[in-house]
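# Report on the structure
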Amino acid sequence: ARVMGFKLMTNFNRPYFAKSISEFWKRWHISLSTWFRDYLYIPMGGSKFSKPRTYFNLMCTFTLSGLWHGASWTYICWGAVNGFYLVFAQYISSFASPIKKRLLYFGFKSLLNTYHIIVTFILILFSWVFFRAPSLDVSFNILQKIFTQRGPLFIGESNTFVYSIFFLTVLMVVEIFEEYKLMNSFSLLYHENSYVRRIAYTLIIFS
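All of the points below concern the structure found in this document. Every residue gets a number counted from 1 within its own chain, in the order that chain's sequence is written. Reporting of local features is limited, given that this is a predicted model, to residues whose pLDDT is at least 70; pairs of side-chain atoms are given and counted only at 80 or more, and all residues count toward the totals for whole chains, interfaces and linings. Based on all heavy atoms of the structure, the side-chain values leave hydrogens and waters out of the count.

Turning our attention to the packing of aromatic side chains. Geometry of aromatic contacts follows a simple scheme: Phe, Tyr and Trp rings, the Trp one being its six-membered ring, pair when their centres are within 6.5 Å, and the pair is stacked under 30 degrees between planes, edge-to-face over 60, tilted otherwise. Overall, the coordinates contain 18 aromatic pairs when judged by the stated rule. Ring plane angle 70° and centroid distance 5.5 Å describe the contact between W25 and F62, whose orientation is recorded as edge-to-face. Here W25, found in helix α1 (residues 21–27), pairs with F62, found in helix α3 (residues 51–69); they are 37 residues apart in sequence, far enough to count as distant. Only protein chains enter the area calculation, which uses a 1.4 Å probe; residues under 20% of their type maximum are buried, those over 50% are exposed, and those in between are partly exposed. Relative accessible area serves as the criterion here: at 14%, F62 is assigned to the buried category. With centroids separated by 5.9 Å and ring planes inclined at 70°, the aromatic side chains of F126 and F130 adopt a geometry described as edge-to-face. Here F126 pairs with F130, and both are found in helix α5 (residues 109–132), just 4 residues apart, close to one helical turn. A connected cluster of aromatic rings, assembled from ring pairs, spans F12, Y16, F24, W25, W28, F62, Y75, W78, F121, W128 and F131. The way it works is that DSSP assigns letters per residue, a run of H or I at least four long becomes a helix, a run of E at least two long becomes a strand, and they are numbered from the N terminus.

Structure, rendered in structure tokens:
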């Protein structure tokens, strides 16, 4: 859209660099997440009441957001898993906060941020299994094989794997540069050098 001159709202803000599940949902599909927050979570009371009520509101909101994607148990389970993540994070926050403050005091901010990003990334990938699988049986089968099956690194033609890794690497490098304000990828689309613009378009298309 930006290439053709349309400026839309930012709908995905580098979600896989989120340091928590809560931050992830502020970065992922922002228009939909905002809609559920404004028209379901807040009208139900949000976090204004007791903690059990807040937990209930979170679980309802995310379970219904799963149902919004499709009338399937896999989507419902996906929403419920993400709701559980948020509930659990809020539940342990009082225990984890002193430990976090101590680590920050001793200068482990970068290490702690990296740890949070990795853990959040793994948890989100876990939930995507339910979102993409055709049934709950298949979901549980996939999760079981993740922890038990041993085999080759990839299956199929090696060229496909190599291309995928290359373009994913390019995409991640751009994301890292943008996340830490080292570069704005949109500036490349308007670069005065036509060769730079063409390379930028090509990378965007293949990524």
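Next up on the list: the packing of helix α2 (residues 30–41) against α3. The axes used here are C-alpha line fits, helices contributing only the stretch in contact, and every angle between their N-to-C directions lies in the interval 0 to 180 degrees. Axis separation between α2 and α3 bottoms out at 11 Å; the angle between their running directions is 130°. By the angle class used here, α2 and α3 are oblique. Crossing handedness for the pair α2 and α3: right-handed. Here L32, F36, L40 and Y41 of α2 come into contact with α3, specifically with T54, N57, L58, T61, L64, S65, W68 and H69. Residue classes follow a fixed rule: Ala, Val, Leu, Ile, Met, Phe, Trp, Tyr, Cys and Pro count as nonpolar, while Asp, Glu, Lys and Arg count as charged, and any other residue, Gly among them, counts as polar. Across the contact of α2 with α3, the residue classes tally to 7 nonpolar, 5 polar and no charged. Should an angle lie under 35 degrees it is considered roughly parallel, over 145 roughly antiparallel, and from 65 to 115 roughly perpendicular; all remaining angles are considered oblique. Two helices cross in a left-handed way if the nearer one is turned anticlockwise from the farther one by less than a right angle. They cross in a right-handed way if the turn is clockwise. Two residues qualify as a contact provided that any one of their heavy atoms is within 4.5 Å of a heavy atom in the partner residue.

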